[in-house]
Amino acid sequence: MIIYAIYFAFTCFGAALLMNLWMIATAEGIGDRVLALDTMVINSIAILILYGLTQGTEIFFEAAMIIAMLGFVSTVAYARFMLRGNIIE
Amino acid sequence: MDQIIEILIAACLVISGVFGIVGSYGLIKLNDPMSRLHAPTKATTLGVGGVLIASILHSMLSENHLSLHELLITLFLFLTAPITANFIAKAHIHRHETPETLPPAGEDQKWATHDIPQDNPAAD
């Protein structure tokens, strides 16, 4: 029963990633693109954890942690660049 | 007992999948940039939280010990999602709004992104 739920969640987050990619390609403003990239990072964390769940290993949690931190830092850096035209002044 | 935990894991996974797809669908469906900010930062974060709870329950079921380091990712995501949303909203105000189109800030000054400090010797 768990494996079908995992397949369902894989399908949902895969479709969500495709929608984010569509948003990055067709958005009219730069803010929407940054938002779509941030959502893409969060969805890919979910997919990594689901893959670790199917494989039964714990090694993907560290990868998910690193992706979470890097995604936050890169989103803040991009928003900072939109605000000020510079990242570190 | 194992059956109950399996049902709980499956329910968490299905709910989190629905939340994840609703968040990303809202991102392309809503038509105002500031309403678009709501969908991914709230629904998608909840979706990832559900997957992490399912993962904690799964390690409890299969290895009979409680591993809580998934909670670190949950905590980190729940801490950083509002900060990210605040930064993107601030960038939107800075680029697309003027002080006339915004509601008053309440006190006797403008919103912080429009408020240019002038001749303030205490700032340096």
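Keep in mind it's a predicted model, so treat the numbers as computed, not measured. Starting afresh in each chain, residues are numbered from 1 along the sequence in its written order. Key to labels: chains lettered from A, ligands numbered from 1, both in the order written. The model is predicted, so local features are restricted to residues of pLDDT at least 70 and side-chain atom pairs to those at 80 or more, both for listing and for counting; the totals for chains, interfaces and linings are taken over all residues. Side-chain measures were taken over the full set of non-hydrogen atoms in the model, leaving aside hydrogen atoms and water.

A. Seen up close, the overall build of chain A. Helix and strand counts for chain A stand at 3 helices and 0 strands. In sequence order, the secondary structure elements of chain A are arranged as α-α-α. Since a compact globule built from 89 residues should have a radius of gyration of about 12 Å, the 16 Å found for chain A marks it as more spread out than a globular shape. Its C-alpha atoms give chain A principal-axis dimensions of about 50 × 30 × 10 Å. Only protein chains enter the accessibility calculation, which uses a 1.4 Å probe. A residue is then buried if its area is under 20% of the maximum for its type, exposed if over 50%, and partly exposed in between. In chain A, which comprises 89 residues, the proportion classed as buried is 43%. Residue contacts are defined here by distance: any two heavy atoms, one from each residue, within 4.5 Å place the two residues in contact. A separation threshold of at least 6 residues defines the contact pool for chain A, and within that pool the share at least 24 residues apart is 47%. To be clear on the numbers: accessible area is Shrake-Rupley with a 1.4 Å probe, and residue cover counts the displayed protein chains and nothing else. Summing over all exposed atoms, chain A offers an accessible surface of approximately 4500 Å²; the carbon and sulfur share of this is 71%. Only DSSP runs of H or I with at least four residues qualify as helices, and only runs of E with at least two residues qualify as strands; both kinds are numbered from the N terminus onward. Restricting the calculation to C-alpha atoms gives the radius of gyration, and the globule rule supplies 2.2 Å times the number of residues raised to the power 0.38.

B. Looking closely at the overall build of chain B. Assigned secondary structure in chain B consists of 4 helices and 0 strands. In sequence order, chain B lays out its α and β elements as α-α-α-α. Computed over the C-alpha atoms, the radius of gyration of chain B is 21 Å, more than 25% above the 14 Å expected from 2.2 N^0.38 for a compact globule of 124 residues. With the C-alpha coordinates of chain B rotated into their principal frame, the extents come out at 70 × 35 × 20 Å. For chain B, with 124 residues in total, the buried portion stands at 40%. Residue pairs at least 24 apart in sequence account for 49% of intrachain contacts in chain B once pairs closer than 6 positions are excluded. Total accessible area computed for chain B in this model is approximately 7500 Å², and 64% of it derives from carbon and sulfur atoms.

C. Expanded view of the pattern of salt bridges. Every case where a carboxyl oxygen of Asp or Glu lies within 4 Å of a side-chain nitrogen of Lys or Arg is listed as a salt bridge. Inspection of every chain in the model, using the stated rule, returns 1 salt bridge over all chains. With its nearest N and O atoms 2.3 Å apart, the salt bridge here joins Arg36 of chain B to Asp32 of chain A. Of this pair, Arg36 of chain B sits in helix 2 (residues 33-36) while Asp32 of chain A sits in helix 2 (residues 30-55), placing the two residues on different chains.

D. Representation of the packing of aromatic side chains in the model. Aromatic rings from Phe, Tyr and Trp, taking only the six-membered ring of Trp, are treated as a pair when their centres fall within 6.5 Å; an angle between ring planes under 30 degrees marks them as stacked, one over 60 as edge-to-face, and anything in between as tilted. Across all of its chains, the model carries 2 aromatic pairs over all chains by this definition. Ring plane angle 75° and centroid distance 5.2 Å describe the contact between Tyr51 of chain A and Phe60 of chain A, whose orientation is recorded as edge-to-face.

E. How the structure looks around the environment of Pro99 of chain B. Residue and element names in this part refer to chain B. As for its position among the elements, Pro99 is in the segment after helix 4 (70-96). Relative accessible area serves as the criterion here: at 37%, Pro99 is assigned to the partly exposed category. In contact with Pro99, not counting residues within four places along its chain, are Lys110 and His114.

F. Quick look at the interface of chain B and chain A. In this assembly, 46 residues from chain B lie in contact with 42 residues from chain A. For the pairing of chain B and chain A, the buried interface totals around 3900 Å² over both sides, and the portion due to carbon and sulfur atoms is 81%. Applying the counting criterion to the chain B and chain A interface returns 1 salt bridge. Polar contacts, as counted here, are pairs of nitrogen or oxygen atoms within 3.5 Å of one another; within protein the pair requires one atom able to donate a hydrogen and one able to accept it, and residues that are adjacent in sequence qualify only if both atoms are side-chain atoms. For the pair chain B and chain A, the interface holds 5 residue pairs in polar contact (both at pLDDT 80 or more). Accessible area, probed at 1.4 Å, shrinks when two parts are joined; the buried area is that loss added up over both.

G. Here's a closer look at helix 3 (residues 59-84) of chain A. Between its first and last C-alpha, helix 3 of chain A extends 38 Å over 26 residues, near the 38 Å set by a 1.5 Å rise per residue. Taken together, the buried positions of helix 3 of chain A are Phe61, Ala64, Met65, Ala68, Gly71, Phe72, Thr75, Val76, Ala79, Met82 and Leu83 of chain A. Those residues of helix 3 of chain A that are buried lie in contact with helix 2 of chain A together with helix 3 (38-63) and helix 4 of chain B. A positive backbone phi angle near 75° is found at Gly85 of chain A, which sits one or two residues after helix 3 of chain A. Any helix carries an expected span of 1.5 Å times its number of residues minus one.

H. Structural detail: the nonpolar core. The term nonpolar core refers to a set of buried residues drawn from Ala, Val, Leu, Ile, Met, Phe, Trp, Tyr and Cys, joined through side-chain atoms within 4.5 Å. In this structure, Ile45, Ile49 and Leu50 of chain A together with Ile9, Leu13, Val48 and Ile73 of chain B are the most contacted members of the largest nonpolar core, which totals 31 residues. Mapped onto this core, the elements with two or more residues apiece are helix 1 (2-26), helix 2 and helix 3 of chain A together with helix 1 (2-29), helix 3 and helix 4 of chain B. The element contributing the most residues to this core is helix 2 of chain A, with 7 residues. In this view, Ile73 of chain B contacts Ile45, Ile49, Phe61, Ala64 and Met65 of chain A together with Leu52 of chain B; residues no more than four positions away in its chain are not counted. Counting residues in each nonpolar core, the second largest holds 13 residues, with Val34, Ala36 and Leu83 of chain A together with Ala91 of chain B among its members.

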